[in-house]
Amino acid sequence: PAAIHRQDYRPPAFLVESVDLHFSLHPTATRVRAKLALRRQGESRVLELDGEAVTLIEASLDGTRLAAPRLEMLPSGGLRIADAPDSFVLETLVEISPEANTELSGLYLSGGNYFTQCEAEGFRRITFFPDRPDVMARYSVTMEADRATCPVLLSNGNPAGSGELPEGRHWARWEDPHPKPSYLFALVAGDLVAVRDRFTTRSGRDVALAIYVRDGDQDACGHAMASLKASMAWDEAEYGLEYDLDVFNIAAVSDFNMGAMENKGLNIFNTKYILARPETATDADYEGIETVVSHEYFHNWTGNRVTCRDWFQLSLKEGLTVFRDQHFSEFMGSAAVKRLANVRRLRAAQFPEDAGPMAHPVRPDSYVEINNFYTATVYQKGSEVVRMMRELIGAANFRKGMDLYIARHDNQAVTIEDFVRAMQDASGLDLSRFSRWYAQAGTPELRVEDSFDPATGRYVLTLSQTTPPTPGQPEKQPVPIPVAMGLLGPDGAPLPLRLAGENAAEAPEERVLLLEEARQDFVFEGLGEGKPIPSLLRGFSAPVKLSGLPLESLGFLAARDSDPFVRWESGQQYATAEMLRLVAAHRAGEAPALPEGLANIIAAVLDHAESDPAFAAEALALPSEDFVAGQMTVADPEAIHIVRQALRREIGARFAPRLAALHDGLENSGPYRIDGVSIGRRALRNAALSYLAQAPGTDGLPRARAQFAAGANMTDVLAALRVLVDSTDPAREEALAAFHARWRNDPLVLDKWFALQATSSRADTLVAVQALALHPDFDLRNPNRVRALVGAFAAGNPVHFHAASGEGYRFLAEMVIALDPVNSQVAARMVGPLGDWKRQNEQRAGMMRAELQRILARPNLSKGTFEKVSKSLA
Ligand code: HT7
Ligand code: ZN
């Protein structure tokens with residue numbers, strides 16, 4: 001399959017002014033009549049429309065039936081029409097089969113109900129169309145269906161009529177006044193019930209809100225609705241952006257390729273990001289709902305009103321909207337803890353991507369299958385780039401820039417350059433160098449060196465940066481890196497930051513240095529006699545890897561810095577350094593023991609744990625096995641696992657009384673509450689339980705059994721079951737069986753049952769995972785279930801995925817091969833962990849490559865899976 005290049009962009013030859021769609025819904029033979037008003041804007045009179053898996057029944061141009069040779073079917077599945085006039089109406093009638101659509105792209109059936117997914121290129125699976133985001137049109141949609149099976153008929157925009165038809169059928173019409181690209185089209189039809197609410201905008205528009213779910217799930221929509229209303233209010237307060245239709249509908253579906261979709265006025269959500277009850281959803285699920293509901297809502301302005309010119313600009317809407325949803329979540333909860341949780345996720349997903357075979361810039365230069373580019377780089381790194389821009393130009397200028405961006409580009413399809421230009425014009429600052437962040441792949445490495453002269457009180461901080469080569473980009477230029485920082489005196493007190501030549505009276509205690517060159521010295525003057533300790537990248541002011549601080553400084557910062565991010569980060573860096581040392585020692589035959597310095601950091605966290613339980617829970621977690629592996633040239637998954645488990649055991653044993661006291665003291669007997677404090681208390685309590693249960697001779701396992709049996713809420717139940725599932729406790733099987741029996745009819749909870757077993761540290765996990773793939777509740781057609789078993793195992797269980805036998809690799813390859821013809825988007829997403837072979841030893845690398853080759857040899861591989869596998873082999 002051929003790659004598409006950003007530089008080849010050409011404006012569309014024809015624009016679509018209006019789209020009038022008529023759907024006659026049927027599970028295997030849905031008919032779609034499309035009336036497009038088209039206008040030529042290029043030289044060519046040849047109109048090409050995209051199409052995929054649609055059967056053409058008839059087509060006419062200005063009322064005249066089209067036939068060959070003027071009308072031609074393209075090998076791609078599209079349609080070509082010659083001699084097109086300057087402006088005309090094209091009418092097509094096609095047939096599609098929602099039931100046969102297991103790709104979940106286009107119009108498909110889920111549980112007997114109809115849903116669409118059109119981003120990125122699903123609309124062409126519904127009708128023939130110039131399916132590209134720079135073709136924006138006004139849509140009106142009429143649907144007809146059986147009233148008994150499809151009482152609800154929804155589409156974008158506002159309702160515009162409904163009525164009865166013969167033979168038990170009925171119809172409804174929707175009109176969307178806002179021009180939109182085809183990827184934002186949506187249709188939902190079926191037997192769903194609405195949970196309703198209202199929101200009045202700042203300017204007085206009364207908006208009817210509804211969340212459509214299956215009957216019986218109405219009680220599980222409260223958190224999603226509250227999150228929606230909070231998001232609507234926040235976007236008004238923070239950006240002056242109001243909602244712009246009379247209705248805002250959300251429909252939830254259990255078969256969905258991603259988290260949710262921001263279709264104009266009709267968001268479609270994976271049930272995972274809507275449904276929550278204390279007994280079925282964890283705190284992380286509740287937080288996920290707030291994040292995703294707000295994210296999709298914020299797209300209404302950043303993505304829908306102002307959209308992307310082409311898919312290379314994806315981060316224009318995704319990076320910016322992730323930035324907005326993270327900012328919102330920081331506002332809603334504990335900002336510092338939200339920030340470090342987001343950084344942890346960035347480092348877990350994006351840093352490895354940036355260092356692997358699929359590394360690409362935030363604004364990619366080419367792709368084979370765009371669905372492969374909905375990545376952590378486009379989303380999370382894209383968000384970090386926006387955050388840095390705000391840091392550089394200041395919050396007030398950023399807000400001015402957003403106003404300008406929207407005023408200039410409302411109802412347009414634009415580029416990342418347009419966004420940067422708005423920020424530049426609003427701030428008066430030159431952002432041309434900054435744009436390298438969008439163009440260069442790879443994570444910059446920031447190195448620190450320093451020197452101090454006690455005689456003069458002069459401190460020189462030398463910062464240098466390099467960005468490693470990535471596929472297609474052997475050489476990199478320096479990027480501007482904002483380094484938020486402070487200096488600590490030997491007693492931990494903040495020091496005044498006076499750069500050489502500055503006025504002493506104005507010295508602040510925190511400032512942002514801008515590293516623009518490959519290497520720069522920053523000279524601070526007027527300091528006392530002791531050597532300062534630099535606290536760098538406060539709040540994670542740039543998405544870089546920092547190195548060069550000695551272990552003592554890390555330990556000092558972990559205990560003393562005023563910035564919670566640096567405190568957490570220094571503890572993590574300290575632990576990483578020690579784990580790497582212990583891995584090397586283990587390979588040399590030495591048994592791992594808890595280093596005193598690390599024990600001191602943990603003791604200090606435990607000492608202050610009650611004052612900020614959420615922070616303490618984060619600070620107590622050891623770096624993940626994958627994170628440690630990411631620091632090694634040749635990873636050793638087994639040794640890393642052994643070291644990490646040994647440290648967890650020793651921490652459990654060493655601090656058992658304190659951990660038990662936390663587990664007792666943080667128990668909440670009142671009703672379940674979903675506020676930051678309550679979440680933090682549960683997180684710390686369960687972290688304590690988890691450590692305690694590692695250590696032999698403690699009462700950790702009985703505590704886990706009791707917590708599981710008490711069944712207070714899903715967060716606590718799952719934390720307890722996690723402990724049991726990792727153990728050889730006799731209650732393990734019984735607990736798993738009880739959990740399955742209780743929740744067998746709740747797919748989202750059953751996903752947790754699969755994922756827990758897939759990520760177990762027990763020696764028999766691989767065999768268990770192979771058996772679970774044959775379990776009657778495993779279903780390749782349900783993406784959530786595939787992610788819960790296959791995704792969780794391959795991406796979340798390094799020691800068993802990398803089993804020396806190669807069986808873990810084989811399992812993943814088998815699953816990709818089986819899944820590709822069913823759902824190629826999800827199959828391609830599963831390939832990732834096999835691409836990490838360059839970091840493995842020779843035997844593992846050989847086996848991983850062999851599995852990639854085996855996938856590649858399959859006939860009729862989808863282009864998405866082909867792209868991922870072939871790039872992984874390169
Ligand atoms: N913009 C949405 C992306 C999305 C998607 C992409 C490809 C295939 C299926 C998909 N479902 C949703 C989601 C978002 O980022 O808001
Ligand atoms: Zn998005």
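These figures come from a predicted structure and were not determined experimentally.

The subject of this paragraph is the UniProt feature "domain: Peptidase M1 alanyl aminopeptidase C-terminal" (unreviewed entry) in the protein chain. With numbering aligned to this structure, UniProt lists the feature "domain: Peptidase M1 alanyl aminopeptidase C-terminal" (unreviewed entry) at residues 552-874. Taken end to end, residues 552-874 has its terminal C-alpha atoms 41 Å apart, with 70% of it in helix and 0% in strand.

This part takes up the pairing of strand 16 (residues 187-190). Judged by which residues are buried, strand 16 turns out to be covered on both faces: L187 and A189 on one side and V188 and G190 on the other are all buried. For strand 11 (residues 113-117) and strand 16, the ladder comprises two bridges, and the chain directions are antiparallel. Note that in strand 16 the partner of F115 across the bridge is V188. In the sheet, strand 13 (residues 152-155) pairs with strand 16 via four bridges, with the strands oriented antiparallel.

This part takes up the domain arrangement of the protein chain. According to the domain assignment, the protein chain consists of domain 1 (4-191), domain 2 (306-427), domain 3 (445-501 + 509-532) and domain 4 (744-874). The distance between the C-alpha centroids of domain 2 and domain 4 comes to 29 Å. In this assembly, seven residues from domain 2 lie in contact with eleven residues from domain 4. Its residues assigned to classes, the side of domain 2 that touches domain 4 comprises three nonpolar, three polar and one charged.

Now for the sheet that holds strand 9 (residues 87-96). In spatial order, the strands read 6-5-9-3-2-12-15-14; together these eight strands make up an open sheet with mixed pairing. The strands lining the two open edges of the sheet, one partner per strand, are strand 6 (64-65) and strand 14 (158-164).

Moving on to the UniProt feature "domain: Peptidase M1 membrane alanine aminopeptidase" (unreviewed entry) in the protein chain. Per the UniProt annotation, the sites labelled "domain: Peptidase M1 membrane alanine aminopeptidase" (unreviewed entry) are residues 224-437. Summarising residues 224-437: 55% helix, 10% strand, and an end-to-end C-alpha distance of 34 Å.

V188, A251, A252, I268, I274, L812 and M830 are the most contacted members of the largest nonpolar core, which has 244 residues in total. Residues contacting L812, with those up to four places away along its chain left out, are V790, A794, M830, P833 and L834.

This part takes up the packing of helix 4 (residues 335-354) against helix 10 (residues 564-587). Closest axis-to-axis distance for the helix 4/helix 10 pair is 9 Å, and the angle between their directions is 40 degrees. Here helix 10 runs oblique to helix 4, going by the angle between their axes. The element helix 4 and its partner helix 10 pack so that their crossing is right-handed. Facing A336, R339 and L340 of helix 4, the residues of helix 10 in contact are P564, F565 and W568. Considering only residue class, the contact of helix 4 with helix 10 consists of five nonpolar, no polar and one charged.

Moving on, we come to helix 20 (residues 747-758). The terminal C-alpha atoms of helix 20 lie 16 Å apart, and with twelve residues this matches the ideal 16 Å at 1.5 Å per residue to within 8%. Burial runs high along helix 20: eleven of the twelve residues are buried.

Reading guide: rules and limits
- Residues numbered from 1 in each chain as written.
- Chains lettered and ligands numbered in written order.
- Predicted model: local features only at pLDDT ≥ 70, side-chain atom pairs only at ≥ 80, totals over all residues.
- UniProt positions renumbered as here; feature names shortened; annotations may be inferred.
- Helix = DSSP H or I, 4+ residues; strand = E, 2+ residues; numbered from the N terminus.
- Buried ≥ 20, exposed ≤ 12 C-beta atoms within 10 Å, placed from the backbone.
- Pairing = 2+ DSSP bridges.
- Domains from an automatic or database assignment.
- Contact = placed C-beta atoms within 7 Å.
- Nonpolar A, V, L, I, M, F, W, Y, C, P; charged D, E, K, R; others polar.
- Core = buried A, V, L, I, M, F, W, Y, C linked by C-beta atoms within 7 Å.
- Axes fitted to C-alpha atoms, helices over the stretch in contact; angles between N-to-C directions.
- Parallel < 35°, antiparallel > 145°, perpendicular 65-115°, else oblique.
- Left-handed = near helix turned anticlockwise from the far one by under 90°.
- Expected span 1.5 Å × (residues − 1).

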